[in-house]
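# Coordinate inspection notes
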Amino acid sequence: MKAPHDQHFLTDKKAIERIASAADVSGKHVLEIGPGEGPLTRALLDHGAIVTAIELDPDLIEYLNNRFHREIRAGDLTLIHGNAVKCVYPPFDISVSNLPYSASSKITFRLLEAGFEEAILMYQKEFGQRMIAPPGTPGVGRLSIMVQTYAKAKPIMQLSARAFSPPPAVQSWVMRIIPREPPHPINDHQFYALVVRELFSYRRKTIRKALRISAGIIGKECVAAIEENIPEEILKKRPEELLLSDFAKIANAGYSGKPE
């Protein structure tokens, strides 16, 4: 079956087994995004998981319904025909997924917002490297800051293009992501996410300039409060030079300036 919608089907049986066993899924509600033809779905079910799989392609949904009709009837597998970037996620404990590369960022943010015990997710290697880029280094970005604020992430295996059909033009990383409480107090999480997004929208600008450009979105009163309360040595830096604690300080200062 042809891989649609940026999907590369994982065909390496040893890799499939390693991924399915990377977390203890027995008796757990597992969310799988992009099941494709279902090899990882099969492995998760064999490990005792109760799986909900979200698939965009209607032909694959029909194929999966036929392949897993017994498991669906038994209540061990639920198929959702939808776009994982937009559709409602059911409650789940763990996510184990081979994510479509083009939607990796949006889906990762959505998973973090939904909350989970643990996630075993496959990404393009470069994407995984950006995810774990240390704050204060040139490789850091919005993804790095948001993931590291709310979770611990690390690669647990690397897969070559030969593990997939059709083979992608890149290598892949399988990442383990475990949510955590932010290491620094954050007064308002939505406002924090907004500030991080806007600062990295102007990553070549200083913090002061990026904030002033974004004042229409962040709020003029909030920007004024940040400039008043954040030290000059931070305002003169660029986003890639900031630590997690700096982002928290900036967002908290801005939130204190929001109108009642």
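So, a few notes on the structure that sits alongside this text. Per chain, residues are indexed from 1 in the order of the written sequence. The model is predicted, so local features are restricted to residues of pLDDT at least 70 and side-chain atom pairs to those at 80 or more, both for listing and for counting; the totals for chains, interfaces and linings are taken over all residues. With hydrogens and water excluded, all non-hydrogen atoms of the structure serve as input to the side-chain values.

### Overview of the sheet that holds strand 9 (residues 172–179)
Note the cut-off: Strands are labelled as partners when DSSP assigns at least two bridges between them. Each helix is a run of DSSP H or I of at least 4 residues and each strand a run of E of at least 2, with the numbering of both proceeding from the N terminus. Fitting a line to C-alpha atoms yields each axis, with helices limited to the stretch in contact; the angle taken between N-to-C directions then spans 0 to 180 degrees. The contact criterion used is simple: two residues touch if any of their non-hydrogen atoms lie within 4.5 Å.
Read from one edge of the open sheet, seven strands run 4-3-2-5-6-9-7, paired in mixed fashion. The sheet is open, and its two edges are formed by strand 4 (77–81) and strand 7 (151–159), each paired on a single side. The sheet shows a mean angle of 20 degrees between the axes of neighbouring strands, direction not considered. Sheet analysis places strand 2 (residues 29–33) next to strand 3 (residues 50–55), joined by five bridges and oriented parallel. Its bridge partner being in strand 3, Ile33 is matched across the sheet by Ile54. Running over the sheet, helix 1 (residues 13–20) touches strand 5 (94–98), strand 6 (118–124), strand 7 and strand 9 and is turned about 160 degrees from strand 7.

### A word on the packing of aromatic side chains
For any two aromatic rings, the description comes down to two numbers: the centre-to-centre distance and the angle of the planes. Short version of the rule: Here the aromatic set is Phe, Tyr and Trp, taking the six-membered ring for Trp, and pairing holds for ring centres within 6.5 Å; pairs whose planes are under 30 degrees apart are stacked, those over 60 apart are edge-to-face, and all others are tilted. Burial classes: relative accessible area under 20% of the type maximum marks a residue as buried, over 50% as exposed, and values in between as partly exposed (1.4 Å probe, protein chains only). Here, a charge over a ring is recorded when the distance from Lys NZ or Arg CZ to the ring centre is within 6 Å and its angle to the ring normal is within 35 degrees.
Enumeration according to the criterion identifies five aromatic pairs in this entry. When the centroid spacing of 4.9 Å and the interplanar angle of 20 degrees are considered together, the rings of Tyr123 and Phe127 count as stacked. Phe127 carries the same exposure label as Tyr123, and that label is buried. The ring of Tyr89 carries Arg110 above its face, with NZ or CZ at 4.3 Å from the centroid.

### Observations regarding the pairing of strand 6
When you tally the buried positions in strand 6, you get six out of seven residues, the bulk of the element. Both strand 5 and strand 6 contribute to a ladder of five bridges, which runs parallel. Residue pairing for strand 6: Ser97 is matched across the bridge by Leu121. Across six bridges, the pairing between strand 6 and strand 9 is antiparallel. Bridge pairing in strand 9 places Leu121 opposite Met175.

### Describing the pattern of salt bridges
Defined as follows: Here, a salt bridge means any side-chain nitrogen of Lys or Arg that lies within 4 Å of a carboxyl oxygen of Asp or Glu.
Under the definition given, this model contains ten salt bridges. Taking the shortest distance from any N to any O, the salt bridge between Glu71 and Arg42 comes out at 2.7 Å. Of this pair, Glu71 sits in helix 4 (residues 69–74) while Arg42 sits in helix 2 (residues 39–46), placing them 29 residues apart in sequence. Given a relative accessible area of 16%, Glu71 falls into the buried group. Via salt bridges that share partners, Arg208, Arg212, Glu227 and Glu232 belong to a single interconnected network.

### Focus on the packing of helix 11 (residues 220–229) against helix 13 (residues 244–256)
Where we set the bar: Roughly parallel covers angles under 35 degrees, roughly antiparallel covers those over 145, roughly perpendicular covers 65 to 115, and oblique covers all other angles. For any pair of crossing helices, the crossing counts as left-handed if the nearer helix is rotated counterclockwise from the farther one by less than a right angle, and right-handed if it is rotated clockwise. Asp, Glu, Lys and Arg are counted as charged, while Ala, Val, Leu, Ile, Met, Phe, Trp, Tyr, Cys and Pro are counted as nonpolar; the rest, among them Gly, fall into the polar class.
The interhelical angle for the contact between helix 11 and helix 13, taken along N-to-C directions, is 125 degrees, at an axis separation of 7 Å. With respect to helix 13, the axis of helix 11 lies oblique. Of the two possible hands of crossing, helix 11 and helix 13 adopt the one that is right-handed. Between helix 11 and helix 13, the contacting residues are Cys222, Ala225, Ile226 and Asn229 on the first element and Ile250, Ala253, Gly254 and Ser256 on the second. Across the contact of helix 11 with helix 13, the residue classes tally to five nonpolar, three polar and no charged.

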